[in-house]
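What follows is each chain in one-letter form.
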Amino acid sequence: MNCDRCDNPAAYTRKYSGEKLCSQCFSKSIVRKTAKTISKYNMIKHDDLVAVAVSGGKDSLALLKIINEMALTHSFRIKAITIDEGIPGYRNEALEIVEKFCAELNVEHKVYAYKDLFELTLDEALDLRESDKTSSCSICGTLRRRAIDYAAKDIGADVIATGHNLDDTLQTFVINMISGDTTKIGWMDPDTSANDLRKIKPFCEIYEAEIVFYAFTNDMPFQSEPCPHMNEGIRTEIREFLNSLENQHSGIKNNLYQSILKVSTAIKNSSSKEKIKCEKCGNDCTGNVCSVCSVVLKLKENQT
């Protein structure tokens, strides 16, 4: 079985399109699709400094590689940032991988630790939570968003790029739906070009499975140790459910993604809640105090 675009042996089949590709053509297709997404949603502008959030996982490292290649031939610059949650036996491996990878690409890299930013590691924060019903992922995700915002401002970035893929978007949508948090659904539009500090997801239209194959076929190192808290939330169950649907009905993820864009736009246009500035940090939110500041303040109160 040969590649549909050249005479080389096919290495990957896109079930939702039926397309068969060799490793080289597959990699080129991922780069082209990423570039198309960036262009379509005006994600990166002339002379922007892009802060690429790199965790050490396959998605963020693949994004760094592709964004770096684009920066070499386009009029924007990149720097890599990594957030260290302070999880013993987990983050160390990732930090080594990211530092080595950035050195190979000649990309400037800086690490920001929860301990320095919040005076708490993740484990210390979890010990201070009021109830085990508050998942590790919800606390970590909240602190991570603030840490990334801080890091981007610290290096003077115009844009924050994360490696979130199409699957991540679908999972987040379902989580927001079942938790009744419809306001957040209105913020899922990939076009953030009107924001002061733009947060972009260049992989938002690419399946997670394709990012995995891209990483393998390009011999990219990525973290093998799973986060010890990864199965505490519902995201893993939703991921497995959506993967099961896709296996039985190829292309269903793409269909759901297009529906999410329509729903997000409708909610965004009809929502009565306008974004205002948090009175504590100045970031956008829908109340007087944003969720990040609320979590941090509550943890500090419990600490005392």
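So, how was this worked out
- Residues numbered from 1 in each chain as written.
- Predicted model: local features only at pLDDT ≥ 70, side-chain atom pairs only at ≥ 80, totals over all residues.
- Heavy atoms only, no water.
- Helix = DSSP H or I, 4+ residues; strand = E, 2+ residues; numbered from the N terminus.
- Buried < 20%, exposed > 50% of the residue type's maximum accessible area, 1.4 Å probe, protein only.
- Axes fitted to C-alpha atoms, helices over the stretch in contact; angles between N-to-C directions.
- Parallel < 35°, antiparallel > 145°, perpendicular 65-115°, else oblique.
- Contact = heavy atoms within 4.5 Å.
- Nonpolar A, V, L, I, M, F, W, Y, C, P; charged D, E, K, R; others polar.
- Domains from an automatic or database assignment.
- Salt bridge = Lys/Arg side-chain N within 4 Å of Asp/Glu carboxyl O.
- Polar contact = N/O pair within 3.5 Å; in protein donor to acceptor, adjacent residues only side chain to side chain.

What to know about unusual backbone geometry
Residue Asn42 is not a glycine yet carries a positive backbone phi of 50 degrees. The backbone phi angle of Asp47 is positive, close to 65 degrees, even though this residue is not glycine. Topologically, Asp47 is positioned in the loop between helix 1 (23-40) and strand 3 (49-53). The exposure class assigned to Asp47 is partly exposed, which follows from its relative accessible area of 46%.

Concerning the packing of helix 1 against helix 2 (residues 58-73)
Think of two packed helices as two axes; the pair is described by the angle between the axes and how far apart they sit. Closest axis-to-axis distance for the helix 1/helix 2 pair is 11 Å, and the angle between their directions is 70 degrees. With respect to their mutual orientation, helix 1 and helix 2 come out roughly perpendicular. Residue-level contacts link Ile30, Val31, Thr34, Ala35 and Ile38 of helix 1 to Ile66, Ile67, Glu69 and Met70 of helix 2. Classifying every residue of the contact of helix 1 with helix 2 gives seven nonpolar, one polar and one charged.

What about the domain arrangement of the protein chain?
Taken as a whole, the protein chain is organised into domain 1 (41-271) and domain 2 (272-303). For domain 1 versus domain 2, the separation of C-alpha centres amounts to 21 Å. At the boundary of domain 1 with domain 2, the tally comes to zero salt bridges. The tally of links from domain 1 across to domain 2 stands at zero residue pairs in polar contact (both at pLDDT 80 or more). With seven residues, the single largest contributor to the side of domain 1 that touches domain 2 is helix 6 (residues 136-154).

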